[in-house]
Amino acid sequence: MKSFKLAFFGLAVALAFSSCEEEPPFIDFSEPEQGLVDTNYMGPVPTPQARVVLLEDLTGVRCVNCPDAQQKAKDIEAANPNRVVVMGLHPFSLSTFTFPHSGGPDFRTQYAEDIINMIGIPTGLPFGTVDRQLFSGESSRTLEYQKWEAKVNSELTVTPVANIDITGKQKIDDSTILVTVKVVYNEASTENHFLSVSLTESKIIGPQSKTGVGVIPDYEHNHILRTMATAYNGVKLNAALEPGRVFEKQFKLRVRSEWVLANCHIVAYVAKGVPDLTVLNAAQTDAE
Amino acid sequence: MPPHFKGMRHRVLLLTFIALWAFPAFSQDKPQEKGQFSGNFQSNVQVYDRDDRIGANTTVYLHEKSSTDAWLFLNYNIYGFNFSVRYDVFNNSPLLNPQDAYNGHGIGFWQISKDIDRLNLTVGSFYDQFGTGMVFRAYEDRLIGIDYAIQGVRARYRITDNFTVKAFTGNQKGNNALRFSTYPQVIKGINAENRFKLSEKVTFDAGASLVNRTLDKNTMSVIATEINSYPVEERFVPKYNEYAYNAYGTLTFGNFSLYAEYCGKTSEAIKDYSGKLINSPGSIYYGSLAYSKPGLGVNLQYKRIDHFQFRTSPFETLLNGLIAYLPSLTRQNTYRLLARYNAVVQELGETAIQGDIVFTPNPKTTISVNGSYVESLSGEKLFSEAYVDVQHKFNKQFKATAGLQRIFYNQEVYENKPGYENVHTWTPFGEITYKFDRRHSLRVEAQYLYTKQDLGSFINGTIEFNVAPHYSISVSDMVNNQPYRHAGSNVSDEIIHYYSVVGAYTIKTSRFTLGYIKQVQGVNCTGGVCRVEPAFSGVRFTLTTNF
């Protein structure tokens with residue numbers, strides 16, 4: 001009986017301790033790049049910019065309704081020139097929709113996966129976020145594409161708390177672009193804000209499933225998130241966020257040779273930290 | 001969950017409970033065990049009378065003006081099943097956060113439990129603890145607004161009469177906004193206890209536990225974001241899963257009893273004194289030696305805590321989200337001025353010792369002596385208490401108590417008040433009780449707390465007249481007779497009276513009290529768990545009943 005008792009308890013403890021190995025969150029142990037500008041100071045309070053909205057299109061090459069969502073994003077972008085930045089996220093999750101077609105390009109990135117984990121994985125695709133805002137009356141940040149236009153129009157009326165300018169882009173070598181971003185606050189905030197810098201690519205030809213059609217072999221994919229110069233959730237703006245506070249930061253964007261820089265955009269945006277996550281303003285410029 | 005679903009869930013639970021309660025009445029054709037129904041109700045109603053002189057000017061004094069807390073608990077037993085439900089009401093309540101007013105009501109506790117031979121299964125909410133509770137304790141202490149009920153499932157199996165194993169998994173009930181919901185972090189645990197009878201006079205009770213808490217993705221995301229904002233050399237990889245474990249045993253031999261416990265904790269992200277996340281394991285060493293024989297009881301205790309912060313998340317502070325129960329290793333005083341300074345346990349690190357002697361030289365006299373000492377791991381003195389009292393029963397009508405207490409209290413640490421001096425007190429006290437006859441009695445107590453720090457010295461006196469079994473009335477006044485104020489204190493620099501008049505009426509199992517009370521700000525403790533509370537000024541009505 002004694003051995004039974006010990007075995008029973010030992011088994012229970014072993015079960016409780018099982019699966020101790022876990023996938024850790026992303027912690028950036030890379031040493032800050034030497035020689036990059038990273039400063040903040042007080043300057044004049046600027047006139048607020050016209051608000052630029054970030055529209056994240058959660059999408060996949062096997063998602064048959066995603067072309068309709070992409071068309072909607074394109075229409076919204078066209079209706080609001082220079083006021084809407086579209087970023088296409090292809091996560092590893094929802095692989096039924098995102099696993100690449102045979103012979104087709106793989107658009108999935110760990111950055112997209114981390115972002116989608118942060119904002120909440122939707123039940124299917126297509127879905128999207130508008131400034132990662134959890135809108136009143138909605139139970140999730142991820143919205144059906146039919147709701148995007150109204151939400152974007154609502155966000156466009158909001159005065160941004162900070163102006164964002166991508167003030168410099170310099171190709172250092174074949175695989176590195178030096179990006180300079182300037183963020184200037186025109187309102188005070190006691191929240192934690194994070195600056196993210198990413199690279200998107202457009203005009204990539206590859207297969208895409210579409211409802212009623214099947215697989216379109218030469219579909220044009222746009223705004224694909226390729227990489228980021230920051231962590232997926234950005235770098236913290238480490239100073240008192242008060243009117244006139246200026247942050248100037250440089251980042252190195254690592255690019256691959258197969259990406260066509262002429263079709264790439266650099267995107268910068270400032271967002272609140274978890275749990276709010278709301279994107280406060282964004283900016284975009286050509287990579288070349 | 002959408003609000004209408006939440007409401008629906010509550011209605012379904014209530015209907016289920018009522019149906020189960022009513023079930024025997026509609027099933028008289030089947031032989032069955034007779035069900036047993038019981039319950040209790042408690043309500044506190046407070047009306048706030050702003051008094052800027054004592055700092056009674058939080059939001060409830062400025063805006064809400066009155067508050068109600070109420071709990072109705074119902075319990076029904078039948079066929080080895082146990083059904084429990086508790087409805088909680090908090091209206092304009094400062095109970096959960098003394099600086100704020102909380103509104104919410106709903107089912108705060110529900111439970112279905114069943115005994116199947118040696119197995120007990122519970123689903124819903126439950127309270128429990130492993131050993132002394134230092135790795136896991138789920139309990140409620142409504143006097144200070146805490147409710148650590150676990151919502152989930154628990155199994156307890158008595159393998160033999162001496163060997164019991166229990167295990168559970170669930171989520172801890174939240175606080176404030178999550179009061180009627182649960183924290184997202186999952187907790188699970190297993191515990192085994194066995195009694196070994198080594199000889200006729202020697203027994204050994206041993207136990208061991210393992211508790212695991214898993215962080216949710218959102219919390220981990222916040223942790224990772226914060227860590228990524230630190231300088232690279234201070235960054236670390238946080239863990240989703242935290243494991244706390246302990247082993248403990250009580251060796252009883254004759255009049256002696258020796259208890260020892262070790263608690264450990266794997267590394268996780270916890271907040272240090274500055275509020276910064278650090279990666280640290282934790283440990284507790286605890287031991288006590290007790291000796292008792294007729295007329296004499298001696299108890300010596302030692303405890304060392306090192307970074308044993310075990311909560312649902314590192315972002316929970318004060319009394320929120322506590323999984324481990326770490327009571328203070330100091331005397332729990334009841335007299336008003338003796339209980340004014342308490343050693344709130346320092347989960348990041350402290351060493352504490354306590355000695356307690358109760359000596360009864362003759363049936364009429366009892367002498368109690370207590371001493372305790374607490375210091376930080378770096379050797380900074382935090383708290384000490386020396387206490388002695390003598391109780392003597394002169395005759396059937398008259399008994400008296402007299403004593404003296406000496407306290408050292410590091411106010412800067414315990415109340416997070418930078419620049420405040422250490423508090424040194426001398427407090428003589430006494431109490432007499434005189435029975436006029438079988439129904440009428442008078443109790444008088446008095447304390448004088450002498451200190452040159454904090455708010456200065458106080459005198460407290462209470463006169464209580466009882467007419468058994470129904471009535472009681474007490475009048476007390478606590479006077480800040482030698483005021484002392486720090487710069488920026490929110491208490492007026494004058495001699496202040498904190499007076500109270502309270503009447504109580506008891507009928508069968510119901511008790512009503514009504515009083516006008518002024519209570520000084522400070523640390524309020526129950527069961528060795530403390531919190532800092534603002535002053536109180538106003539009318540308080542309470543009702544408690546059992547059925």
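Residues numbered from 1 in each chain as written. Chains lettered and ligands numbered in written order. Predicted model: local features only at pLDDT ≥ 70, side-chain atom pairs only at ≥ 80, totals over all residues. Heavy atoms only, no water.

Caption draft 1: Up close: the overall build of chain A. Scanning chain A for helices and strands turns up 5 helices and 14 strands. Along the first, second and third principal axes, the C-alpha set of chain A runs to 80 × 50 × 45 Å. Across the 288 residues that make up chain A, the buried fraction comes to 52%. Looking at chain A alone, contacts between residues at least 24 apart form 71% of all its contacts between residues at least 6 apart. Here chain A contributes 25 positive and 34 negative side-chain charges, whose respective centroids are spaced 3 Å apart. (Helix = DSSP H or I, 4+ residues; strand = E, 2+ residues; numbered from the N terminus. Buried < 20%, exposed > 50% of the residue type's maximum accessible area, 1.4 Å probe, protein only. Contact = heavy atoms within 4.5 Å. Lys, Arg positive; Asp, Glu negative; His and termini not counted. Charge placed at Lys NZ, Arg CZ, Asp CG, Glu CD.)

Caption draft 2: Spatial organisation of the environment of Ser257 of chain A. Residue and element names in this part refer to chain A. Note on placement: Ser257 falls in the loop between strand E12 (245-254) and strand E13 (264-272). We classify Ser257 as exposed; its relative accessible area is 73%. Distance from Ser257 to Ser175, taken between C-alpha atoms, is 6.9 Å for residues 82 residues apart in sequence.

Caption draft 3: Geometry of the pattern of salt bridges. Enumeration according to the criterion identifies 41 salt bridges over all chains in this entry. Between Lys249 of chain A and Asp38 of chain A there is a salt bridge, and its shortest N-O distance comes to 2.8 Å. Placement of Lys249 of chain A in strand E12 and of Asp38 of chain A in strand E1 (residues 38-42) is noted, with a sequence separation of 211 residues between them. Looking at Lys249 of chain A, the relative accessible area reads 10%, which means it is buried. Residue classification places Asp38 of chain A among the exposed residues on the basis of a relative accessible area of 58%. In this structure, the salt-bridge partner of Lys272 of chain A is Asp276 of chain A, at a minimum N-O distance of 3.6 Å. On the basis of relative accessible area, Asp276 of chain A is assigned to the partly exposed category, the value being 32%. One network of salt bridges, with partners in common, ties together Arg86, Asp88, Glu140, Arg142, Asp147 and Lys173 of chain B. (Salt bridge = Lys/Arg side-chain N within 4 Å of Asp/Glu carboxyl O.)

Caption draft 4: Structural detail: the interface of chain B and chain A. Counting from both sides, the interface comprises 29 residues of chain B and, opposite them, 31 residues of chain A. The junction of chain B with chain A conceals about 2600 Å² of combined surface from both sides, 67% of it contributed by carbon and sulfur atoms. The interface formed by chain B and chain A includes 0 salt bridges. The tally of links between chain B and chain A comes to 7 residue pairs in polar contact (both at pLDDT 80 or more). Where the side of chain B that touches chain A is concerned, the elements lending two or more residues are strand E11 (163-173), strand E12 (182-197), strand E13 (202-214), helix H3 (217-228) and strand E14 (241-253) of chain B. Sort the elements by how many residues they give to the side of chain B that touches chain A and H3 of chain B lands first, with 9 residues. (Buried area = accessible area lost by both parts, 1.4 Å probe. Polar contact = N/O pair within 3.5 Å; in protein donor to acceptor, adjacent residues only side chain to side chain.)

Caption draft 5: Quick look at the sheet that holds E1 of chain A. Residue and element names in this part refer to chain A. Ordered by their spatial adjacency, 4 strands build an open sheet running E1-E12-E6-E5, and the pairing between neighbours is antiparallel. At either margin of the open sheet sits one strand with a lone partner, and together these are E1 and strand E5 (162-173). In this sheet, neighbouring strand axes are inclined to one another by 15° on average, regardless of whether the strands run parallel or antiparallel. One ladder, built from 10 bridges, connects E5 with strand E6 (residues 176-185); its direction is antiparallel. When the bridges of E6 are listed, Asn163 appears paired with Val184. (Pairing = 2+ DSSP bridges. Axes fitted to C-alpha atoms, helices over the stretch in contact; angles between N-to-C directions.)

Caption draft 6: Representation of the nonpolar core. Judged by nonpolar contacts, the single largest core of 52 residues is most densely connected at Phe136 and Phe308 of chain B. Listing elements by their share of this core, those giving two or more residues are helix H2 (59-64), E14, strand E15 (256-271), strand E16 (277-293), strand E20 (381-393), strand E21 (398-409) and strand E26 (496-507) of chain B. Those residues in contact with Phe308 of chain B that lie beyond four places of it in its chain are Met134, Val135, Ala244, Cys263, Gly264, Lys265, Gly282, Ser283, Ile284, Ala324, Leu326 and Glu347 of chain B. With 27 residues, the next largest nonpolar core counts Val197, Leu253, Val270 and Ala287 of chain A among its residues. (Core = buried A, V, L, I, M, F, W, Y, C linked by side-chain atoms within 4.5 Å.)

Caption draft 7: Highlighting the environment of Ile190 of chain B. With respect to the element layout, Ile190 of chain B can be found in strand E12. A sequence separation of 60 residues divides Ile190 of chain B from Phe130 of chain B, and the C-alpha atoms of the two residues are 8.4 Å apart.

Caption draft 8: Quick look at the environment of Ala386 of chain B. Residues and elements named next belong to chain B. With respect to the element layout, Ala386 can be found in strand E20. Exposure remark for Ala386: the relative accessible area of 40% places this residue in the partly exposed category. It is 9.7 Å that separates the C-alpha atoms of Ala386 and Gly355, two residues lying 31 residues apart in sequence. Sequence-distant contacts of Ala386, defined by excluding residues within four places in its chain, comprise Asn370, Leu404, Gln405 and Arg406.

Caption draft 9: How the structure looks around the state of the cysteines. All names here are of chain A. Under the definition given, this model contains 1 disulfide over all chains. The disulfide that involves Cys63 links it to Cys66, with 2.1 Å between the sulfurs. Linking Cys63 and Cys66, the disulfide has an S-S dihedral of approximately 90° and is accordingly described as right-handed. Side by side, Cys63 and Cys66 carry an identical accessibility label, which is buried. (Disulfide = S-S within 2.5 Å.)

Caption draft 10: Quick peek at helix H4 (residues 110-119) of chain A. In terms of burial, H4 of chain A is a largely internal element, 7 of the 10 residues being buried. Among the residues making up H4 of chain A, those that are buried are Ala112, Glu113, Asp114, Ile115, Ile116, Met118 and Ile119 of chain A. Along its buried surface, H4 of chain A packs onto strand E2 (53-58), strand E3 (84-89), strand E4 (127-130), strand E10 (224-228) and E13 of chain A together with H3 of chain B. At the exit of H4 of chain A stands Gly120 of chain A, carrying a positive phi of roughly 110°.

Caption draft 11: Spotlight on the side chain of Asn120 of chain B. Residues and elements named next belong to chain B. With respect to the helices and strands, the residue Asn120 is situated in strand E5 (residues 119-126). Accessibility expressed as a relative area gives 7% for Asn120, which makes it buried. A distance of 2.8 Å separates a polar atom in the side chain of Asn120 from a polar atom in the side chain of Asp115. What Asn120 contacts, discounting residues up to four positions off in sequence, is Ser113, Lys114, Asp115, Arg154, Ala155 and Arg156.

Caption draft 12: Main features of a positive patch on the surface. The grouping of Lys364, Lys393, Lys396, Lys399 and Lys435 of chain B at the surface amounts to a positive patch. Along the polypeptide, Lys435 of chain B turns up in strand E22 (residues 423-435). (Patch = residues over 30% accessible without salt bridge, like charges linked within 9 Å, V, L, I, M, F, W, Y side chains within 5 Å. Areas by Shrake-Rupley, 256 points an atom, 1.4 Å probe, with all protein chains shown as cover.)

Caption draft 13: Fine view of the side chain of Glu201 of chain A. Residue and element names in this part refer to chain A. Turning to its location among the elements, Glu201 is positioned in strand E7 (residues 193-201). In this structure Glu201 comes out as buried when scored by relative accessible area, which is 3%. A polar contact is formed between the side chain of Glu201 and the side chain of Arg226, at a distance of 2.8 Å. With near-sequence residues (within four places) excluded, Glu201 lies in contact with His221, Asn222, His223, Ile224, Arg226, Glu258, Trp259, Val260, Asn263 and Cys264.

Caption draft 14: View of the packing of helix H2 (residues 66-79) of chain A against helix H5 (residues 148-156) of chain A. All names here are of chain A. Close contact between H2 and H5 brings their axes to 10 Å; oriented N to C, the two are set at 30°. By the angle class used here, H2 and H5 are roughly parallel. Read as a crossing pair, H2 and H5 show a hand that is right-handed. Contact with H2, carried on its side by Ala69, Lys72, Ala73 and Ile76, involves Trp148, Glu149 and Val152 of H5 and no other residues of that element. (Parallel < 35°, antiparallel > 145°, perpendicular 65-115°, else oblique. Left-handed = near helix turned anticlockwise from the far one by under 90°.)

Caption draft 15: Summary view of the packing of aromatic side chains. Residues and elements named next belong to chain B. Considering all chains together, one arrives at 35 aromatic pairs over all chains under this definition. Look at Trp71 and Phe90: their rings are 6.0 Å apart centre to centre, the planes differ by 85°, and that puts the pair in the edge-to-face class. Of this pair, Trp71 sits in strand E2 (residues 66-78) while Phe90 sits in strand E3 (residues 81-93), and the two are 19 residues apart along the sequence. Side by side, Trp71 and Phe90 carry an identical accessibility label, which is buried. Taking the centre distance of 4.7 Å and the plane angle of 50° together, the rings of Phe256 and Tyr291 count as tilted. Of the two residues, Phe256 is situated in strand E15 and Tyr291 in strand E16; the sequence distance between them amounts to 35 residues. Classification of Phe256 by relative accessible area gives partly exposed; the value is 33%. (Phe/Tyr/Trp six-rings, centres within 6.5 Å; stacked < 30°, edge-to-face > 60°.)

It is worth stressing that arrangement in space is one thing and function is another; only the former is reported here.
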